[in-house]
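Residue strings, one per chain:
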Amino acid sequence: AQSVAQPEDQVNVAEGNPLTVKCTYSVSGNPYLFWYVQYPNRGLQFLLKYITGDNLVKGSYGFEAEFNKSQTSFHLKKPSALVSDSALYFCAPTRDAGNMLTFGGGTRLMVKP
Amino acid sequence: EPEVTQTPSHQVTQMGQEVILRCVPISNHLYFYWYRQILGQKVEFLVSFYNNEISEKSEIFDDQFSVERPDGSNFTLKIRSTKLEDSAMYFCASRRGTSGRGQETQYFGPGTRLLVL
């Protein structure tokens, strides 16, 4: 079984400040971890993933995420937020490449000018 | 850059009617998925499909649902007799699945918003 938790429904941050969107997961075996972003009236857009290797992974639009095995976390980060980053962010773990993704409830990121 | 496409973008139907949602996965992808998102709720897995058969399905994917790859490009989800609770955004996704970088990533289409009245 696999599960995921995004403890914050919404994160508010000022433009130019760093942002963190939290995610913790539970997956049997070695996890594959994904972040997706959803803009209004759009589909789910792949942002970044952790499969193996370096714990810090970099993705699109300056986002990065850190895999922490001991804390079973995969928090999404960005050093300097943009207003255009405002969207709904989903963390999605899975136990192997072919398996279904399990989505968290999503975290709405609001970046204020 | 290749994208997953879905048609229609919106569909309104009467309860009890059949609907077919269509998806065109990325052309060299081998694995196909359907997910749905009821308004205000999580994205939920429905079914995965590979080599012309279902690989995995969730409890949601009951006998009212079926999937098909009728030709080399389309991947369809059929709901035989729609219920009010089938109202949701339905997302198709595809994954390359062969060896190499990026083969494990599922790419999603823009979704079909289904409203059952």
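Described below are features of the structure shown in this document.

What counts, and where the lines are drawn
- Residues numbered from 1 in each chain as written.
- Chains lettered and ligands numbered in written order.
- Predicted model: local features only at pLDDT ≥ 70, side-chain atom pairs only at ≥ 80, totals over all residues.
- Heavy atoms only, no water.
- Disulfide = S-S within 2.5 Å.
- Helix = DSSP H or I, 4+ residues; strand = E, 2+ residues; numbered from the N terminus.
- Buried < 20%, exposed > 50% of the residue type's maximum accessible area, 1.4 Å probe, protein only.
- 1 Å grid on protein atoms, 1.4 Å probe; cavity = no way out; pocket = protein on both sides within 12 Å on 5 of 7 lines; lining within 4 Å.
- Points joined across faces, edges and corners; volume = space filled by probe spheres on them.
- Nonpolar A, V, L, I, M, F, W, Y, C, P; charged D, E, K, R; others polar.
- Pairing = 2+ DSSP bridges.

Turning our attention to the state of the cysteines. Evaluated as defined, the whole model comprises two disulfides over all chains. The disulfide bridge from A:Cys23 ends at A:Cys91, spanning 2.0 Å between sulfur atoms. Handedness of the A:Cys23-A:Cys91 disulfide follows from its S-S torsion of about -60°: it is left-handed. Here the residue A:Cys23 occupies a position in the loop between β3 (19-21) and β4 (24-27), and A:Cys91 occupies one in strand β10 (residues 87-94), the gap between them amounting to 68 residues. By relative accessible area, which is 0% here, A:Cys23 ends up buried. The disulfide partner of B:Cys23 is B:Cys92, and the gap between their sulfur atoms is 2.0 Å. Of note, the bridge from B:Cys23 to B:Cys92 carries an S-S torsion of about -65° and is left-handed in sense. Here B:Cys23, found in strand β3 (residues 19-24), pairs with B:Cys92, found in strand β9 (residues 88-95); they are 69 residues apart in sequence, far enough to count as distant.

The next point concerns the layout of surface pockets. Estimated volume of the largest pocket: approximately 490 Å³. As for the largest pocket, its lining consists of 17 residues, and the residues nearest its centre are A:Arg42, A:Leu44, A:Gln45, B:Glu3 and B:Phe108. Within the residue set of the lining of the largest pocket, elements represented by two or more residues are β6 (44-50) of chain A together with β10 (107-108) of chain B. At three residues, the largest contribution of residues to the lining of the largest pocket is made by β6(A). Residues of the lining of the largest pocket, tallied by class, amount to nine nonpolar, five polar and three charged. Here the second largest pocket defines a volume of roughly 360 Å³. Residue lining of the second largest pocket: 16 residues in total, with A:Gln38, A:Leu88, A:Arg108, B:Gln37 and B:Leu39 positioned closest to the centre. Of the residues that constitute the lining of the second largest pocket, the class distribution is seven nonpolar, six polar and three charged.

Bringing the pairing of strand β8 (residues 75-79) of chain B into the picture now. Regular strands place side chains that alternate from one sheet face to the opposite one. Residues and elements named next belong to chain B. In terms of residue burial, β8 counts as a mostly covered element, since four of its five residues are buried. As judged from the five bridges shared by β3 and β8, these two strands associate in the antiparallel manner. The partner of Arg22 across the bridge, within β8, is Thr76. Here strand β7 (residues 65-68) pairs with β8 via four bridges, running antiparallel.

Without other data, these values stay purely geometric and don't point to any function.
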